[in-house]
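Commentary on secondary and tertiary structure
Here are the chains, one letter per residue:
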Amino acid sequence: MIALALPAATTEEGFVAPTIEDTHYRDILPWGDAYGVWFDPGFGKQMLMVILSVVLIATFFLVASRRGQLVPGKMQFLGESAYGFVRNSIGKDIIGGRDFLKYVPWLFTAFFFVLVNNIFGAIPFLQLPSFSHPGSAYAIAAIFYLLWVGIGIKKHGLRYFKLAVVPSGVPWYILPIVVPIEIISNFIVRPVTHSLRLFATMLAGHLIVTLAGSAIEYMVSTGNILLQGTSVLVLAGAVAMYMLEALIMVLQAYVFTLLAAIYIEGALHADAH
Amino acid sequence: MLNAAIMAAEEGSSPLAPNWWEFLVTLVGFAVLMFIVIKFVMPAFEKTFAERTAAIEGGIAKAEAAQAEANAALNEYKQQLVDARTEANRIREEARAEGAQILADLKEKAAAESARISEQAHVQIEAERQAAVVSLRAEVGTLATDLASRIVGESLADDARSSRVVDRFLADLETSSSAGAAK
């Protein structure tokens, strides 16, 4: 990130809250700085962790699915349960029909990609949910935006857009109001919320933990015995928030995948809605 | 997203401004992961699921087949048992009837045999009696003649006369004996 002039030392006394910029590590390989282009090139921790997540997920599932025994071992059972969860609880239940299996790889990849990257935020030293960086959240939401619009067009042709924005059974004189709302809600708000929901929850969780950490550090460093004592309360609160964040990390991965499945289903059966 | 990008370009530090390298890395990461999932992970899991389903359904079908076979065998055995019982009853009845038949035959044969034996005995006795009578008649004549001639003291050599006398005597004797037998 381009280091903005932070109000780092504005006051002599008092606590300076960490900003979003502070949650971004400086690039490991700042190889683009010299060019000064508007998007910040350079290879950062977040990218490394995205790559790490791909390696981890791929390795785990390749190992778990390799044997394919009828009576599974521990590893295979775990992999099968994880796969079966996305396949049946999300794919089959939401999309249904005979061809839900076609979309299971999308949902499966999305779920574990998001899940592992979120959980990185709860692992000490890694401690960075990859999707707290908006670029990643936009990317994965864009993938599904294009996917479901593509499915709709492939399934219904250009009539898909009419099906998607003109609800059936609405009197013609209300249509001028309903159609713009539907267009905005389906094709603009939906992908934006899809990405921002994930990004914002991850960033907020990450910020809270960072904030609590720096607050404790500050309180301890003041030398004031009362503030130092109070820092224990902050620590307790931080641990509670950490637990909550861990829950939200899993939940958001599920929500993201669930919504993706719902959007795909909506595009597949646009004529039935 | 476009808005965010523009904002990023203008302000440089909006929290919504994406780092496009991160965007790219995420896209590529997702694509790579997706490729691995489609190419290796999903086929392997689906194959295992299908095999497991087949194994379970095959097991159930096999068990059903075995059950049906066992039922068929049981019915067959029951049928055979009923058949065997019927057969045994039939044979017993037949044997009883046959036994009765044989008994009746034997009785009849024995009766016939005893009748035959007694008949034969009668005939033989009759024949012997006749023979005895004939031989007696001959001997008695001679003996009587001898005796009479000794008593009378004269020769009854005149055969014609003596034999007439003897015959008349014997006829009288027979008449009296048959009258005694009839009595």
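Here's a quick rundown of the structure. (Residues numbered from 1 in each chain as written. Chains lettered and ligands numbered in written order. Predicted model: local features only at pLDDT ≥ 70, side-chain atom pairs only at ≥ 80, totals over all residues.)

**Description of the overall build of chain A**
Tallying secondary structure elements over chain A gives eight helices and zero strands in all. Taken from the N to the C terminus, the helices and strands of chain A come in the order α-α-α-α-α-α-α-α. Counting the 273 residues in chain A, one finds 36% classified as buried. Pairs at least 24 apart in sequence give 61% of the contacts found in chain A among residues at least 6 apart. (Helix = DSSP H or I, 4+ residues; strand = E, 2+ residues; numbered from the N terminus. Buried ≥ 20, exposed ≤ 12 C-beta atoms within 10 Å, placed from the backbone. Contact = placed C-beta atoms within 7 Å.)

**Quick word on the overall build of chain B**
From N to C terminus, chain B includes three helices and zero strands. Ordered by position in the sequence, the α and β elements of chain B form the string α-α-α. Among the 183 residues that make up chain B, the fraction classed as buried is 10%.

**Re unusual backbone geometry**
Residue and element names in this part refer to chain A. Unusually for a residue other than glycine, Phe125 sits at a positive phi of about 80 degrees. As for its position among the elements, Phe125 is in the loop between helix 4 (104–119) and helix 5 (134–156). Its identity as a non-glycine residue notwithstanding, Gln127 has a phi of 45 degrees, on the positive side. Mapped onto the fold, Gln127 is located in the loop between helix 4 and helix 5.

**Let's talk about the interface of chain B and chain A**
The interface is formed by 35 residues belonging to chain B together with 38 residues belonging to chain A. Counting only elements with at least two residues in the side of chain B that touches chain A, the list comes to helix 1 (2–11) and helix 2 (20–152) of chain B. Considering each element in turn, the side of chain B that touches chain A owes the most residues, 25 residues, to helix 2 of chain B. In terms of residue class, the side of chain B that touches chain A is made up of 25 nonpolar, six polar and four charged. (Nonpolar A, V, L, I, M, F, W, Y, C, P; charged D, E, K, R; others polar.)

**A short note on the nonpolar core**
All names here are of chain A. Counting 64 residues, the largest nonpolar core has Leu107, Ala110, Phe111, Val114 and Ile264 as the members making the most contacts within it. No other element matches helix 4, which puts 11 residues into this core. With five residues, the next largest nonpolar core counts Val209, Ala215, Met219 and Ala238 among its residues. (Core = buried A, V, L, I, M, F, W, Y, C linked by C-beta atoms within 7 Å.)

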